[in-house]
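Geometric and topological summary
Now for the letters of each chain:
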Amino acid sequence: MVIPIHPPGVCDSPNKSQYRSMPVYSSRNPSSFRHSEGWSNSQSKLGSSGDGRYSPLSSYKPTQVSSLNKSVTSPGPGLIPPRGILRNATTNASGNPRLSKGGTSSYYALSSTPTAQNIPESIEQAARMTEAVFTKDKEYPSLFHALGGRDEPAQVLPISGLIEQDYPCLIERGLMSGRLFNIEHRTEIPSELKAWMSQTTASYRMGLFPEIHRAWMTIASDLYLWDFRDGSDLSYYAGLKEPIIGLAFAPAKPNLFKANLNHILCVTTPSQVVLLGFIVSCDESTLGLAAPIKTGKPMKLHNSIVCYEFMIILLTALEVIAQPIYTISSDNVLFPVVVGSSQGRIFVGGADGNVHEVFYQAQRGWIHDKCWKKNLTKSIVSSYLPNFLTFSSPDPVKEIVIDNQRYVLFTLSKSGTIQAFDLGEDGDSFSNIGCLSHETIINTVIVKSKNSLEPNSVRNILSISAIKQGDLGLVAVTDSGIRLYFSLYTGLSQRANPMIRPSTLKLAHIRLPPGYSPMSNIRKPTGAYTAYCSNGLFSISTADGDTSHVWLITPFIYPTANYAELSTRYTVPGKTIDVKEISVREIDPVVFEQPEVMSQHLPYRREIVILTSHGTIVLKASKPFELLRDLIQRQGPENIQGHFEMLPNKVQPLANCVLLASHPFLFTDNNVHDLATKAIFMYGELAPEFQQDAWPYSPRHDAIYTTVGRVLASFWNLKLLRTGTISGTTTKIIMPNISGEQVSYAIHFIQSLHTFIVNNPNLYMISQIVSTGTNNAQMENTPEGHRLMCYEMEKMSMAALKNLLSQALEVLGMWKILCEHQINIILQGVDDRLLNTTLRDMIVAGQNTIPVIIDALINKYLGDNAAVDAISIRLREVCPSLFRNEDAISSKVAEILSKAKQTTDPHEKESMLTDSLILCEQICGLGRVNIRNFCMQFAELGFPLGAIRLCESAAKAVDPQHLALLTLKPTVSSDPVANQAYNNRCDVYKIVFEILDMYYTSSNQQSPPLTGRTSDENLPSEKAKLFADETFRGILESEDEVFHIMLYNWLLERNLFGRLLEIKHPFLDAFLQRAAESVVSGKLHRNGMNGNETRILDLLWRHHELNQNHLAAAQILMRLADFTTDGLDFQQRFDYLARANICAKGVGRRGPGELLENLEDKLDVAQIQKSILDTLKNRLVNLSETSSGVFDHTLTNEVKMHQESIQRLNSQLFNISILYSDFAVPFKLHEIRLEIFNAAGHSEKPLIESLWADVIQTELDSTRESLESQLELVRRKVVTLGKKYISSPTYFPMEYIVEHLEAMMPVEMVDQAWVVRTMLEIGVSFTELLFVYEKLWNKVTQQRVSTLGGMNGQSQVCRVVMSMIKSMLDGKLEVRLPRSQHNEFIEKCKDLIALMIVEFSSKFEPEAKEITQKLNITKDRLEYR
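Quick summary incoming for the structure in this document. (Residues numbered from 1 in each chain as written. Predicted model: local features only at pLDDT ≥ 70, side-chain atom pairs only at ≥ 80, totals over all residues. Heavy atoms only, no water.)

Some thoughts on the overall build of the chain
Of regular secondary structure, the chain possesses 44 helices and 39 strands. A burial count over the chain gives 53% of its 1425 residues as buried. For the chain, contacts bridging at least 24 residues in sequence account for 65% of all contacts bridging at least 6. A total accessible area of about 63300 Å² is found for the chain, and carbon and sulfur atoms account for 50% of it. (Helix = DSSP H or I, 4+ residues; strand = E, 2+ residues; numbered from the N terminus. Buried < 20%, exposed > 50% of the residue type's maximum accessible area, 1.4 Å probe, protein only. Contact = heavy atoms within 4.5 Å. Areas by Shrake-Rupley, 256 points an atom, 1.4 Å probe, with all protein chains shown as cover.)

Description of helix H11 (residues 671–683)
Taking 1.5 Å per residue as the helical rise, H11 with its 13 residues ought to reach 18 Å, and the 18 Å between its terminal C-alpha atoms agrees with that figure. Within the sequence span of H11, burial applies to Val672, His673, Leu675, Ala676, Thr677, Ala679, Ile680 and Tyr683. Its buried side turned inward, H11 meets helix H8 (624–635), helix H9 (641–644), helix H10 (651–662), helix H12 (699–713) and helix H13 (740–758). (Expected span 1.5 Å × (residues − 1).)

Quick look at the pattern of salt bridges
What the rule picks out here adds up to 55 salt bridges. Residues Lys580 and Asp578 are paired through a salt bridge, measuring 2.9 Å at the closest nitrogen-oxygen approach. On the basis of relative accessible area, Lys580 is assigned to the partly exposed category, the value being 25%. Of the residues examined, Asp578 reaches a relative accessible area of 16% and is grouped as buried. (Salt bridge = Lys/Arg side-chain N within 4 Å of Asp/Glu carboxyl O.)

Things to note about the sheet that holds strand S9 (residues 222–227)
One open sheet accounts for 4 strands, arranged S7-S8-S9-S10; its pairing is antiparallel. Of all the strands in the sheet, the pair left with one neighbour each is strand S7 (204–209) and strand S10 (235–237). Ignoring strand direction, the axes of neighbouring strands in this sheet form an average angle of 20 degrees. Bridge count for S7 against strand S8 (residues 214–219) is 6 bridges, and the pairing is antiparallel. (Pairing = 2+ DSSP bridges. Axes fitted to C-alpha atoms, helices over the stretch in contact; angles between N-to-C directions.)

Overview of helix H1 (residues 119–137)
With 19 residues, H1 extends 27 Å between its outermost C-alpha atoms, agreeing within 8% with the 27 Å of an ideal straight helix rising 1.5 Å per residue. Turning to H1, its buried residues number three or more, namely Ser122, Ile123, Gln125, Ala126, Ala127, Met129, Thr130, Ala132, Val133, Phe134, Lys136 and Asp137. For H1, the secondary structure elements touched by its buried residues are H10, H12, helix H15 (783–819) and helix H18 (839–845).

A few points about a negative patch on the surface
On the surface, a cluster of negative charge is made up of Glu1154, Glu1157, Glu1160, Asp1161 and Asp1164. Relative to the helices and strands, Glu1154 is located in helix H33 (residues 1153–1187). (Patch = residues over 30% accessible without salt bridge, like charges linked within 9 Å, V, L, I, M, F, W, Y side chains within 5 Å. Lys, Arg positive; Asp, Glu negative; His and termini not counted. Charge placed at Lys NZ, Arg CZ, Asp CG, Glu CD.)

Observations regarding the nonpolar core
Of all hydrophobic cores here, the largest spans 89 residues; its most connected members are Leu801, Leu827 and Leu875. Look past the residues within four positions of Leu875 in its chain and what remains in contact with it is Ile817, Ile854, Leu857, Ile858, Pro880 and Phe883. Of all hydrophobic cores here, the second largest spans 63 residues; its members include Ala900, Ile931, Cys986 and Ile991. (Core = buried A, V, L, I, M, F, W, Y, C linked by side-chain atoms within 4.5 Å.)

Observations concerning the side chain of Arg605
Tracing the sequence through the fold places Arg605 in the loop between helix H7 (590–593) and strand S35 (607–612). Within polar-contact distance, the side chain of Arg605 engages the backbone oxygen of Ala621 at 3.0 Å. (Polar contact = N/O pair within 3.5 Å; in protein donor to acceptor, adjacent residues only side chain to side chain.)

Points about the sheet that holds strand S29 (residues 506–511)
Here we have 5 strands laid out as an open sheet, ordered S5-S29-S28-S27-S26, and mixed in their pairing. Single-partner strands in this sheet number two, and they are strand S5 (159–160) and strand S26 (461–466). Note that strand S27 (residues 472–478) and strand S28 (residues 483–487) share 5 bridges and pair antiparallel. Counterpart to Leu474 in the pairing with S28 is Phe486. Contacts from helix H5 (residues 438–448) reach S26, S28 and S29 within the one sheet, and its direction differs from that of S29 by about 55 degrees.

A few points about the packing of aromatic side chains
For the structure shown, the criterion picks out 30 aromatic pairs. Pairing Phe209 with Phe249 gives two aromatic rings, centres 5.7 Å apart and planes at 35 degrees, and the pair type is tilted. Of this pair, Phe209 sits in strand S7 while Phe249 is found in strand S11 (residues 246–251), placing the two residues 40 residues apart along the sequence. You'll find Phe209 and Phe249 in the same group, each marked buried. Every member of this aromatic cluster is reached through a ring pair, and the members are Phe209, Trp216, Phe249 and Phe278. Its end group placed over the ring of Phe538, Arg483 keeps NZ or CZ at 4.1 Å from the ring centre. (Phe/Tyr/Trp six-rings, centres within 6.5 Å; stacked < 30°, edge-to-face > 60°. Lys NZ or Arg CZ within 6 Å of the ring centre and 35° of its normal.)

Nothing here speaks to function; it is all geometry.
Shown next, in the form of C-alpha cells:
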C-alpha cells in the first residue's frame, strides 16, 4: 500500500497528544512455540499453531469438582471465585460453594455484590487472577521462537516470508486500518542552509541526532544543527579548519567532566580526531534526578479529567563548548564512521578497515597523554609494516553498531564483511567473537534457502542493527529488503545463561520482504539504497525518479505463534538520506520486543524521523487501539467481526477494544467509547459450543482482566521506596520508587477501567434467577443451566475486579498525595517497614501499613490548621475508605493537641484537652485509630486522667459485653472468646502502664520500668511524681477489675509490695486469693504471674495479717511451707511453719485446736528434716574435701547423691515415712532413725537396740586415733543421746547400752568405772545403775546369751560393782535415798557381794582368789557402815 505524503495536518490523527516518558517494569518469560507450517486457506487465523501453545487467558482450564447438580466447579488455582457471594448456597467439603437443593420454586439466589466483610477476600482473589494475566501475557513468543526457533537442537527454521501468514493482507481485506503511521511533523531544510547549498560547490553531509531532536549538516568544516520537528533553533559550529568527514553524538564517561558537561561530539577530519564538549540541559528534580516535564498546557478529557500533555524529552539548552576538549592526530587514516557507547567509549571506523578507539582521561598518565587513539583490530606486527607489505587492499569500515545491553560491537565493511567483538561483561574490554565475509554469507544464504534465492539477492548489505533482547544478536538488511538474522551463541545452555558471553557469529535465519508469497499482490522492493533497523521496526528506501519510496515493516499488533508483520509504503520527495527512531528515555528494552498491544497504554509513542534531501518528516506510529478506533469508526462494530476472529481466540482483540472503550486520553466524543463497548458485548460472549464439563470464562471477562493486568503490570510488584542520596552530597534519603507522575498516569487508566465496569452493571450485577416448576437437579444438568451458572460466576469475578480497581485507585491516590510532599521527611522512622513493601502489598494487604503512612502525613503539618484541614479533605476525597471519618476526627484531635502544646493559658489548655478527649472517645472503638499516640500526648501534656478515661472507653468498646470478667471465674476460664476479650482489654490498658513507667522513671523511683521506655528528661521529678500518683489513684478509681489486676501485677513486677499492701479494695482480696489458688494448684491464672512464684502467697498472708485475719494467715503460711518449689529453701519453710504456729496461737479461744496440733506435728517432723539436712550438708563438706584433686568414681557418685538429696530436702517438706525410707536409711543416719522411731512411737526393742549399737559403732569408726579418743567420742555421743531419751526408757535401753559398752571395753583398760561414770553423767541414779549391773551379773553367771561371758565377764562386772560400792563408801558418789530405803539398799549390796564371793570361791584361778579377797574386804566395809 502506497501512502503519499500530504501537507502537514491533512493526515494527522485526531489524537495529538504526546505522552510523557515512563519506565516500564516487566520481565521476559518466553515459552517454546512451534512454527506454523502454513495455512490451509486464506481464511486461516493468525497465530494458530500445531499445539496451540500460545492462547489467551481462557486456556486456563478450571478444575472440575463435580457436576452442577452437586457443586459449583472450582476454576482452578489462582482463579477461584470469591467466597461469600452465594447467599443461599452452602459449601462442600473442599470449601467450594455448593448449591442448595430441594424444592422447585427457586433455582439459585445470588447477591448483587460482595458484602463488606467479603471485600478483602474478593480483592485478594481478583489480584491473583490479575497476576495470572501477568504470567500469561509474558508467554508471548520471542523473536527466536516466532521465527520457528527450537531449543533442542538450538536452531531456527532457515527462511520465512514465503507464506501469506507472514505478511497477512489484513488492511486490503478491511480487517485493519491502514494508518500504521501518521505524519507528526513535516519540515523543510532551513532556508539559510538551502541558500547556502545552492550557492556553494563544496560537498556536504547530512544526518540525524534523534537523541536531541536535531538534524545536522556539514558543509566543509562547518557544522549546522536544527530541530527537525519544526526547523527552528538553527545553530552552527565553525571552530575547525578541515572538512568534516565523520561525527557522532555520544554520552561522556561518567564522573570525568563537570556535571553539566554530559555529552561529547566526536568529529573527524582528514588529519584529526576532535572531541567537543556538548552540554544538553533539561529540567531536573530537586534531587538532581532527570524527570519528564509537563508542557504546562492542560487538556480537557472527554470524561472531565484534567491531565497534561506529556513530551518524551524537553530540552532547554544545547551548547557546544567553543574550544575542543581533546584533539589528536588521525595518523593519515580517514575515519568516516564514529560511534559512542553508553559507557562513554568512542570507536571510529577507518578507511584502513580497522576499528580504533579514542581514549580520553582527565589527567596525563605515565604512558599516555590525556587523549590517544588505539587500533583494536590490527595485530602488533602488522601495525609496524608499511601498507605495500600487507599484500591486501584495505576494506573500509562502513558501519559500526553497539549492543549496549550485551556489550557487543558489530562492524560492517564496504565489501559486506560482518564482524562481532565482545566488549566484556562490564563493557570495558575488547575481543574478537567472529567474522563472516560477504562471500560466506552469500553461500550460507543459498544453502539455507535451498537454492531458492539467487546470490544477487544479497549482493549488497546496506545496514546492520543490534538486536538487544532475546536469542538473536544482529540483523542485516540487504538492498533487496532481505533481512539476515545472526546468532551469537552455539546452544541453548549458552543462551539461557546470562553469565556466558557471546562466542560465535553465525547466520541463523533469512527473512524475506513482502511480495515473495505466491498469493501476495505486493511488489517486491528492489534497488534499495538505505536501510534502517530498530527494535523490530525496519525501513528500506528505494528511488523512483525525484521521489523515494520508504518501506516500513512493523510486527503484527497482536501476539502470534509465527512471526507476522505488517508493511506499508510511503512516498517522500527527494532522496532518503537517513532514517532514525526517536529515542525514548527510561523505557525498558523488553517493551520493544513484546507485542505493542501489551504496552500501548504507556505514555510513549514510537516516532520515526526521515531525513531527505528536501527536509525531515516525523512519522508517529499508530497504537493498536487507534487502528481499531479507525476501523470501528469507519465500518461500525457490526461489520468488523473478522477483526475479532482473525486469531484463534478473541481475547487479544477484545482487550484492545476494552482499552479503546475505557481509554482516558482519547480526545474524541463518547461515540467511540460507545461503539467499542458495543463491540465488546457483541463479540465477547461465550461460544455456543463451549464444553459443559469445563468452567470457562467468556473472552470478554478475560479481555477486561488482561487490560487491567497490563495497566498494573509495570509497577504491580515494584517496591514503593528506594534509597538515594541528595545531589552533591553523600546523605542518604528515601525517595519514591514509583513517582507521582507514574501514579497520576496510572490513576487515569484505572479510573477509566473502573468507570467502564461501573457503567456496565450487567458485567458484575448478579441476577436473581427463579425457575418456574423445573426440577433443580434436572435444570443443573442442562447446557443452559450450566451456561447460566458460568455467567453468574463470571459476574462474581468482575465484582471482585471492581473492588480491586476501587482499592487500587485509593491507594494510588494516597501515594500521589504523599509524593507531592517531602516523602523522605514524612516517612522518617516508618521507611524501614516500607522499603520492602510493594504496591501489591499496599493494595491487597495494606490494612496495617496505610494508617501509619496517613498518620505520618498528618503529623508533618500539625500546627498548621489550614494544611491539616486541606490534607484531610483531600484524603477524604481521594481515598474515602482508607481515610474514613474516624481518621478525619483523629486528625482534628492531633491538631487540637498540637495547639495545646503551644498554649500557656492553663484554662485554655484544659479546655482543649477535654475537647480532644471527647473526640477521642467517639472513635476509640475503631481499630484504625491509634489511641496510644493520643494517650502518650495526654501524658506529656500532664493529663494522665485523660489517658485513663480514653483507655477505659476503648476497653469497653473492644469488650462491650464484659466477657473479660468471665475469665476470672474458674468454670469459664478456658473460653476462647472470653480469653480474647481479656487480652483485648489488657492490650488497651498497657498504654496506661507505659505512661506510669515513664512517670516513675522521671521521678527517680527506685525500680526502673520494665517496658524499656526512657523517661521524659524535660519533666521535673516533682511533677513526674505528682502525675504518677494521679495516675495511680485514677486506676484505683476505675470500676474495671481487669484494670486493677494489671495495676497489681505492675506493682508486683517492680517489687513495690508495700505500695500494694497499702491498697484497701475488694478487688485486691480477690486478686490475691485467685493468685494463691493458682500458685497452690500449679496453674497459671489470669493474673499474669508465674505459677511457681511464692510471692503471691507471701503477700496474701501479710495482707491477712495486716487485716487481723490470723487464721487465714496461718493457713496460707502452712501452704507456703508445704509448697513444692526451688524458690524456697528449708529454713524459709521452717520459718513459715513457725510463723503459722504463732498466727494460729494468736487466734485465741476461737483458734481451732486441730490446726494448731497439725502445725506442732509438722514442726516436729520439720525438725527431723532439718537434722537430716544438716547432717547431709556436713557430710557433703567432708566428701568434697576428701575428693578434692582425686578422681574416684565412687566418691563422685556419693557427692552427687548428697547434692540431689539436699536439693530435695530444700524443695519441700516430707512426711516422716519418706524421711525414714528416702534419707535416714539410705544414708545410715542412725540417730535420725532413732529420733523418727521416737516421734512415730515405734517401740520394737530389737530394732532400737540395734540402732544404739550402730550409733556407737559409727562413732568408733569415725576416727582412727587412740583408744582413749575413741572412747571419748563414744562417751559424748552416748551422753548426748542418753540425756535426750532418758525420759523414754523404750528408746534408751539402759541395760543393753551398759552391757554393750562393757563388752566393747578392752581387758587391759585400767579405768573400770568408765561406763558407770557415763551413765551417771546422763542422769541415771546410782541405785538404778547398781540394779542394772546386778542383772548383768546374774545374766553372766547363769550363762545366758550375752556379750559378756566366762571368767573375764564375771570378773569385769565384779570389779565394776566393787568400784561403785567403794566410791559410795568413800563418799565419792552420793546416794540419795530415804533412810528407810537406804538400809534396804545396803542389804541388797551385801547380798550381791555375797553372791559374788560364793561364785569366785568355787574357782581355783589366781585371779579368782584375788577378787574373792577384795570382795570380802568390801563386804566387811558394808557390815561396819
